[in-house]
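What follows is the residue order along each chain.
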Amino acid sequence: MSCPICANAADNRVHEAREMMFGLRERFRYLECARCGCLALLDAPADMSPYYPPAYYSLGGAPRALPQPLLVKGKRARTAALLRAPAPVLDALARSGCVPARMIWFAGLGLRSTSAICDVGSGDGEVLTWMLGQGFSNLAGFDPYLDGDLDIGGRVAIRRLGVAEMPGGWDLIMLNHSFEHMAEPASVLAHLQERLRPGGAVLIRVPVADSWAWRTYGADWVQLDAPRHLFLHTRRSLETLAERAGMAIERVFFDSYALQLWGSEQYRRDIPLRDPRSYAEDQGTALFSAAQLREFERRARRLNRQRAGDSAGFVLRARAN
């Protein structure tokens, strides 16, 4: 079987994984490309709705309240200063905990707090609400799987639109753990590139298969997340897609968490993520000791430093002619 990303047909492998977030335990097959390393779901269900129930974490659907205006005013000045900082400085501040970890997303992009930014696959708007609280003011969201359009305090509209229907004119288009759910990634990137302003960027944050967690846990890797994740990319597979869309990867950062450890350890024990025994549901669970949990956190930080974490952000821009 050929890889749908790079068309390689030699020496590819097939792995079997189970649906374990909700404990359905249905089995699905992934093709692992021997050339680009991408994992591609081979047997996607015709109807994905059973795998995105109301309990799915990003589809709460309830309108979110605006942050307090006085707090926003103070943070807006800080955000403006951070956006002007060189990327290595902002990276260091974010990793040290001096500023919110999410600020690493914007390092070196040349943005302002008034830049036009949208979040594709925004769900109920958690990321956009956080950005409002940091002083960003020109925001929008798009998600075709919402029940209807949402509004965040009259300040941000989240529209029930897919990539092909969304308007253009963006300085930054973000896909925060949504790209891996999309069935036609090459087409998605082409659409996004057309919707950027000159000099604009696309930020794609995804689980990555060229990671320690995939090599260690295989089909029990928590971020495999069958069958919701249609593709688990690598840097090489994303480079292939970017080139096809006339883009190039400008920056890569790693932002994985301890979930890759405790979640995968649970799956090895046949304990779903939403099981009452899960650490995700009960942080006082007896599954892991306090010492184990601290070690999971330390190892996750170490893997990010080694560029081997299981989640990464990729900044893409149009290639110069």
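Residues numbered from 1 in each chain as written. Predicted model: local features only at pLDDT ≥ 70, side-chain atom pairs only at ≥ 80, totals over all residues. Heavy atoms only, no water.

Visitor: Looking at this structure, how should I read the pairing of strand S5 (residues 139–142)?
Guide: Within a regular beta strand, the side chains point alternately toward one face of the sheet and then the other, so they alternate between its two faces. On S5, burial covers both faces: Leu139 and Gly141 on one face and Ala140 and Phe142 on the other are all buried. One ladder, built from four bridges, connects strand S4 (residues 117–120) with S5; its direction is parallel. If you follow Val120 over to S5, its bridge partner there is Phe142. Handedness of the S4-helix H3 (residues 126–133)-S5 crossover: right-handed. Relative to strand S7 (residues 156–159), S5 is paired through two bridges, and the arrangement is parallel. Residue Gly141 lies in a different strand from S7, and its bridge partner there is Ile158. (Buried < 20%, exposed > 50% of the residue type's maximum accessible area, 1.4 Å probe, protein only. Helix = DSSP H or I, 4+ residues; strand = E, 2+ residues; numbered from the N terminus. Pairing = 2+ DSSP bridges. Right-handed = clockwise from strand over helix to strand, strands pointing away.)

Visitor: Where do I start with the nonpolar core in this structure?
Guide: As a rule of thumb, nonpolar side chains are buried together in soluble globular proteins. If you look at the biggest cluster of nonpolar residues, it comprises 71 residues, and the most contacted ones within it are Ile173, Leu175, Phe179 and Leu192. Sequence-distant contacts of Ile173, defined by excluding residues within four places in its chain, comprise Cys118, Val120, Met166, Leu192, Arg195, Leu196, Ala201, Val202 and Leu203. One finds Leu82, Ile117, Met131 and Met174 within the second-largest nonpolar core, a separate group that totals 31 residues. (Core = buried A, V, L, I, M, F, W, Y, C linked by side-chain atoms within 4.5 Å. Contact = heavy atoms within 4.5 Å.)

Visitor: So what exactly am I meant to see when it comes to the pairing of strand S9 (residues 196–207) here?
Guide: A large share of S9 lies buried, amounting to nine of its twelve residues. Both strand S8 (residues 170–176) and S9 contribute to a ladder of six bridges, which runs parallel. Opposite Trp170, over in S9, you have Leu196 as the bridge partner. For the crossover from S8 across helix H4 (residues 185–194) to S9, the handedness is right-handed. Both S9 and strand S12 (residues 311–318) contribute to a ladder of six bridges, which runs antiparallel. If you follow Val206 over to S12, its bridge partner there is Ala312.

Visitor: Explain the packing of aromatic side chains here, please?
Guide: Where two aromatic rings form a pair, the distance of their centres and the angle of their planes describe that pair. Taken as a whole and assessed by the stated rule, the structure comprises ten aromatic pairs. With centroids separated by 6.0 Å and ring planes inclined at 85 degrees, the aromatic side chains of Phe28 and Tyr51 adopt a geometry described as edge-to-face. On the criterion of sequence distance, the pair formed by Phe28 in strand S2 (residues 27–32) and Tyr51 in the loop between strand S3 (39–41) and helix H1 (69–84) is long-range, its members being 23 residues apart. Assigned by exposure class, Phe28 and Tyr51 land together as buried. Plain terms: the ring middles of Trp105 and Trp130 are 6.3 Å apart, the flat faces sit at 55 degrees to each other, and that makes the pair tilted. Here Trp105 is found in the loop between helix H2 (87–96) and S4, whereas its partner Trp130 is found in helix H3, with 25 residues between them in sequence. Through pairs of rings, three or more aromatic residues link up here, namely Trp105, Phe106, Trp130 and Phe136. The cationic tip of Arg102 hangs over the ring face of Trp130; the distance from NZ or CZ to the ring centre is 5.4 Å. (Phe/Tyr/Trp six-rings, centres within 6.5 Å; stacked < 30°, edge-to-face > 60°. Lys NZ or Arg CZ within 6 Å of the ring centre and 35° of its normal.)

Visitor: Can you walk me through the sheet that holds strand S10 (residues 231–232) in this structure?
Guide: One key point about sheets: their strands pair by backbone hydrogen bonds, in either a parallel or an antiparallel sense. The strand order across the open sheet built from four strands is S1-S2-S3-S10, with neighbouring strands paired in antiparallel fashion. With partners counted over all chains shown, the strands left at the sheet margins are strand S1 (13–18) and S10, one partner each. Pairing analysis gives three bridges linking S2 to S3, with the strands arranged antiparallel. Note that in S3 the partner of Leu31 across the bridge is Ala40.

Visitor: How should I be thinking about the packing of helix H7 (residues 259–268) against helix H8 (residues 290–305) in this particular structure?
Guide: Axes are the key here: two packed helices are described by the angle between their axes and the distance separating the axes. Taken N-terminus to C-terminus, the directions of H7 and H8 make an angle of 120 degrees; their axes are 8 Å apart at the nearest point. Between H7 and H8, the interaxial angle falls into the category oblique. When H7 is examined against H8, the residues Gln260, Leu261, Trp262 and Glu265 are found in contact with a partner set consisting of Phe296, Arg299, Ala300 and Leu303. Broken down by class, the residue content of the contact of H7 with H8 amounts to five nonpolar, one polar and two charged. (Axes fitted to C-alpha atoms, helices over the stretch in contact; angles between N-to-C directions. Parallel < 35°, antiparallel > 145°, perpendicular 65-115°, else oblique. Nonpolar A, V, L, I, M, F, W, Y, C, P; charged D, E, K, R; others polar.)

Visitor: Explain the sheet that holds S9 to me, please; I cannot follow it from the model alone.
Guide: Read from one edge of the open sheet, eight strands run S6-S7-S5-S4-S8-S9-S12-S11, paired in mixed fashion. Looking at strand neighbours, the two that pair on one side only are strand S6 (150–152) and strand S11 (247–254), the edges of this open sheet. Sheet twist, expressed as the average angle between the axes of neighbouring strands with direction ignored, equals 20 degrees. With three bridges joining them, S6 and S7 adopt antiparallel strand pairing. When the bridges of S7 are listed, Leu150 appears paired with Ile158. Relative to S9, H4 is tilted by about 145 degrees, and along the sheet it contacts S4, S8, S9, S11 and S12.

Visitor: How should I be thinking about H2 in this particular structure?
Guide: Working note: α-helix, 3.6 residues per turn, so residues spaced by three or four point in the same direction. Listed in full, the buried residues belonging to H2 are Leu90, Asp91 and Ala94. All buried residues of H2 fall inside an arc of 105 degrees around its axis, so they share one side. Gly97 occupies a position one or two residues after H2 and carries a positive phi of about 85 degrees. (Arc of directions from axis to C-beta.)

Note that all results are geometric; they support no functional claim without further evidence.
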